[in-house]
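Read off the chains here:
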Amino acid sequence: MDPNTAGWALVVALFLPLVGAGALALMPASMDREIRRAAVVITAIAFALVSAIALSFDYGRSGELQFTTDASWITAINARFTLGMDGISLPLFWLTYLLPLLCAIYTTKHLPAPGKPKAFLGLMLLLQTGMAGTFVAFDLPLFFIFFELTLVPMFFLIGMWGGPRREYASIKFFLYTFFGSVFMLVAFLAIYFTSGAETWNIQQLSEMAPFGSATFQTWAFLGVFLGFAIKVPMWPFHTWLPDAHTEAPTIGSVLLAGVLLKMGTYGFIRIGLPILPDGALRFAPVIGVLAVIGIIYGSLCCLAQTDVKRLIAFSSVGHMGFVMLGIAAMNEAGIQAALFGNIAHGVITGMLFFLAGSLHERYHTREIAVIGGGMLTKIPKYAVMFAFVAIASLGLPGLAGFWGEFGAMWAAISPGLGLADTYGGLYLALVILAALGTVLTAAYFLWLMQRINLGNPLERWADEPLEDVQAIEWVAWTPLVVLVLALGVYPRLVFGVQNDAVVNLMGYLGG
Amino acid sequence: MEALLDYAWLVVVLPLASAVAITAFGKNLPWKGSELGIASLAISWVLSVLIAYQTFIMSPMEEPVEFSYEWAPMGSEFVFELGMLVDGLTAVMLLLVTTVSLMVHIYSREYMHGEKRFTYFFAMLSLFTFSMLLLVIANNLVQAVVGWELVGVCSYLLIGFYWEEKSNQDAANKAFLTTKFADIGLIVGVVVLSAGMFGLDTSTPFNIREINAAATAGELSTTTVVLGMLMIFLGCMAKSGQMPLHVWLPDAMAGPTPVSALIHAATMVTAGVFVLARLFPVLAQSLVVMNVIAVVGVITLFFGGLLALVQDDIKKVLAYSTVSQLGYMVAAIGVGGYTASVFHLFTHGFFKALLFLGAGSLIHAVHSNNMSDMGGMAKAMPYTFVTFIIGTLALAGFPLTAGFFSKDEILIAGEIWAGAGFATGHLVYWVGIAAAFVTTFYMARACFLIFAGESRSHHPPHESGKQMVGPLVVLAVLSIASGYIFSPVWTAEQNFETWTETEFITEETVYPFAADADDAAEDQGEAVGTPGGIQGDGVLAAGSEPSVLAAAEDGELTVLHGAPTWHFDLLALLLVVFFAAVGVAWKFYGKGPPDRDPTMQMGRVTTVLVNKYGFDEFGYRFIVVPVRDTMSRAASYSSNVLIDGAVSGVGRMTKNAAFATYRVLDQKVIDGGVNGAAFSAAWWSERLKRTQSGNVQRYAAALVAGTIVLVVAFAAAT
């Protein structure tokens, strides 16, 4: 494939899951096993195609858009169908095809009540197209549609296959994030009209920036900020997340943490910063402060949780805080670190939610005190895997979690675009507090491991036959474990791909 | 031979390969994986010996061997490196780490025999050795941080090796979290130093040589140096057991004894001292930093040693003695004893590993850590006895043992520093001598309790096997021999000082705050342009006491002190101290354990020591409990109730507004019509009310109301 001309490949990859969802819909619901296998085949083909795209991607020009498509779409409002991919999009896009494949494999054996694989997998495929489109859309209306498209399938995934409070959680998820999107949409409209260029094209708008008055920049960035900050989620807009995660089925949580949250940080980087540089600069210290509050606060909340899955959900608040700290640094290293943290968090926390789901299937509870320790004796392979991923999540160097965190703190010590001159002291304080957050992160993970992994099994579990890691789990999890290690040992894998694109992007900001 | 240095990375990679291989198929091998660890370490050790030989004959090295590879690009200006830096300091560390690790690997085959996690243990030993080597060979601070954190996690896993016991789990957590807390300092310090490098036309702001070069050239601002190095020192304090962050180290004795010997005596705990030595050219720019380091070191070397007096557990005695000896090393750095500190680090690694392995041999024999269960072991365990005594003499600094040469070197460094007019020099010298008395006393007490008198063991003691005794003998030889590498038997051109010289620490290197003090005073803290000077404000002037100026007038105060010479006055003084301490110990413990141990009869002093100065209690009551139980719950409550309550409140208010709109405006004003803004609000409210309960309506209504508010706001703004 020639990355300059093969725009079709991206289009095919993007809509393949959607077509697959349609195909599943045509299958009779009674063909339970076949439907699950078909979903694996569909996601596998899509993943293979995206891997082929990644292989033929021209890494020498990763700063430029490749596999582009630009067609007229809704002429009445000048909206165009613009797709493309650069070094920033590629890792996230690839992850968006890896995780659903693993989820489909996992679903061949595990599907929560009320079953119905056809609807479940169909919704997952629909969700996949929405998420994937977000990372390759380069026209604002198209971006918005993909961004919003994810809400509906996730709403149903939580609402139908979720835990006891699924209705509350799903509606809260939907309305809260949609609430933010409204502001974002208004901001998009304001951008369109203020620029006066009659284009929604993200790159063209980035090149034109900055435009509009200071008031415009502030208000428009505020709108974009609300939309994305709720998605990330940043403190104090995070309260939908623990509920959504706690109630969501395993697959829902994996995709929510693995990809969906990244759409928020990606939006900041792709749209907020380059198109509204002045607004972004004005908000950067605020973002930094909220990010660090999120780190400390999320970690403290984790210490108080009694439910393993809710704990992992709160850990996302802290980890995404590091990503946002990188963005608040407003320099190349910060964006690099933020994007790396994105990927690392997707892989690690996605894996943690897989593990939490399997924990529930074995113990039929996620209460730490009820499990009560001894997993290393009872189900040693599972426990070792849990420990490995938990240690990765607490940011051990050599594993994926480290680079995003360390990079963000390094970048924030000398924020770009003149922020260092005015806010140098603030940012130093932010770095120190963020480092304190890593200590709290270590604390809650070690404490968690002490309470469920170590020691001897409680009496109630002593005679219970609990299954260690199953074959299907090995298949679904091994790629993630390998990635956790590979990204940690060879960070160039992501940093190298992104670098030119990040440099380009920051060029728009003049920094 | 010189080409050999290019392959120094093999020393690091071999233990990693062994860790991976042991994990993969160690269980299926005849020796359960231990043969892989021993083989790889043996090769690494041979390489290290050759590397050390090569670096030493080339010394002083003008150009160290450096090699690096771009680990990751970070934007258009900077990269992270993965690389190696081989100079005298690296060579010394490689030699120490591989020697002790090899001995511990061999020893553990017998000591850990029959353990159900035998293979795992060896995999961890190899992984730890790799991590430590990765740290000491690092050419940049990011890699150093990576190695630093990795040794920490290996330490955590090995302290908690017997993880069925809650106390071991707690000890592991305490060790990891205490050091992790201090790592705030390490990480902030490292990024502060690197930020100081921005704008200096480098793409590798973490490169250790470049940072050292920039510091000695006066290109780093005072803020960078002082903040960066004090922060890094905070990290070193926990890792290298400096008070009050030493609290994890005695608890870490919960791990198997070979682990204590390797990680918590000889290597990992010296990582902090190593990093200080590595960055010595930076910290030497600021008297403030050096004073802080010296004072913390002095406090630790004395008060840490006192804690050993009231212990019954032999491993705890040795742990506190490690704390105290690390205090000597750190204090030496603070008084300009770069060579002395590294030298003591080196010799201490051997004799402390020896003592721990000896203790392990004793524990193996009597199945107890407590000296009250030992007694009369000299007859039953002659090899352990003799080697333990040699280790004790070295630790006590008895003349002509390794500890004598290295500890004296530290005291001499203090004397020289004092001679230049710095008060901390006197502190190190006199407190160092006082602590030598304490050291000798508690070690003599331990030896009498263990070896003299009748056996109190419930198990008839027996000598350990060859695989345990062998390493003891080797380490005993090294506990004497390693001292002679920096004894006056060497020439002025070839001695430990020239071997550990780096390109920035040479005979000519001077302390900027001493040598350039005149200029600095004249400029009133303005940037000093001369090499070795220091830029910035305030700090320097504050540190420049008149005495410093006087000293500077006499001549430049150089970093290196010149070739070693005999100091018979100090030798005599220390001999008196030694025999006094042994004499006192003999009086109390020489004829078997006293009914009432005098160290437990010191009234309030004993109480304070038994309570470990209250640091543990303080940390638990005022840090652990508030964070874990109070703050965490407050945060969780605020999230679930306050913040989420506000979200719900907005929804509820909007819902009420929507209903009011529906009833008043829609039903009454528009009179039956269902159009306009109220249409959607009321319609949604009604629909959602029927299908769902609770919060649904709130959010739906919030959405609508929010949109309205926003449209109005934007209309007003434009």
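Residues numbered from 1 in each chain as written. Chains lettered and ligands numbered in written order. Predicted model: local features only at pLDDT ≥ 70, side-chain atom pairs only at ≥ 80, totals over all residues.

Q: Is there a simple way to explain the overall build of chain B in this structure?
A: Secondary structure summary: chain B contains 30 helices and two strands in total. For chain B, the proportion of its 718 residues judged to be buried stands at 60%. Contacts in chain B between residues at least 24 apart in sequence constitute 78% of all its contacts with a sequence separation of at least 6. (Helix = DSSP H or I, 4+ residues; strand = E, 2+ residues; numbered from the N terminus. Buried ≥ 20, exposed ≤ 12 C-beta atoms within 10 Å, placed from the backbone. Contact = placed C-beta atoms within 7 Å.)

Q: Just to check I follow, could you spell out the interface of chain A and chain B for this structure?
A: When the parts come together, some accessible area is lost, and that loss is often what is quoted as the size of the interface. The partner chain B presents 52 residues to the 55 residues of chain A that form the contact. Those elements that provide at least two residues to the side of chain A that touches chain B are helix 7 (166–195), helix 9 (214–231), helix 13 (277–304), helix 15 (332–363), helix 19 (401–413), helix 20 (419–452) and helix 23 (492–508) of chain A. For the side of chain A that touches chain B, the element with the most residues is helix 7 of chain A, which contributes twelve residues. By residue class, the composition of the side of chain A that touches chain B is 39 nonpolar, twelve polar and four charged. (Nonpolar A, V, L, I, M, F, W, Y, C, P; charged D, E, K, R; others polar.)

Q: Can you help me understand the confidence of the model for chain B in this one?
A: One rule of thumb: low pLDDT means the predicted coordinates there are not for detailed reading. Residue and element names in this part refer to chain B. Taken residue by residue, chain B gives an average pLDDT of 84. The fraction at 70 or more is 88%. Note that pLDDT drops below 50 for residues 516–554; the model gives that stretch 76 contacts with residues more than four away or on any other chain. Overall fold confidence (pTM) sits at 0.90, and the ipTM for the predicted complex is 0.93. (pLDDT = per-residue confidence, 0-100.)

Q: I tried to follow the pairing of strand 1 (residues 65–74) of chain B on my own but got confused; where do I start?
A: Each regular strand displays side chains that alternate between the two surfaces of the sheet. Residue and element names in this part refer to chain B. Here strand 1 pairs with strand 2 (residues 78–86) via nine bridges, running antiparallel. Bridged to Val65 within strand 2 is Val86. The antiparallel hairpin formed by strand 1 and strand 2 contains three residues in its connecting segment, where Gly75 sits at a positive phi of about 85 degrees. (Pairing = 2+ DSSP bridges.)

Q: When you look at unusual backbone geometry in this model, what are you seeing that I'm missing?
A: In most cases, non-glycine residues show a negative phi, while peptide bonds are predominantly trans. Residues and elements named next belong to chain A. The peptide bond linking Val232 to Pro233 adopts the cis configuration, its omega dihedral lying at -15 degrees. Following the sequence through the fold, Pro233 ends up in the loop between helix 9 and helix 10 (240–247). Cis geometry is adopted by the peptide bond preceding Pro236, which originates at Trp235 and carries an omega value of 5 degrees. Within the chain, Lys116 stands out as a residue other than glycine whose phi angle is a positive 55 degrees. Along the chain, Lys116 falls in the loop between helix 3 (89–107) and helix 4 (117–136).

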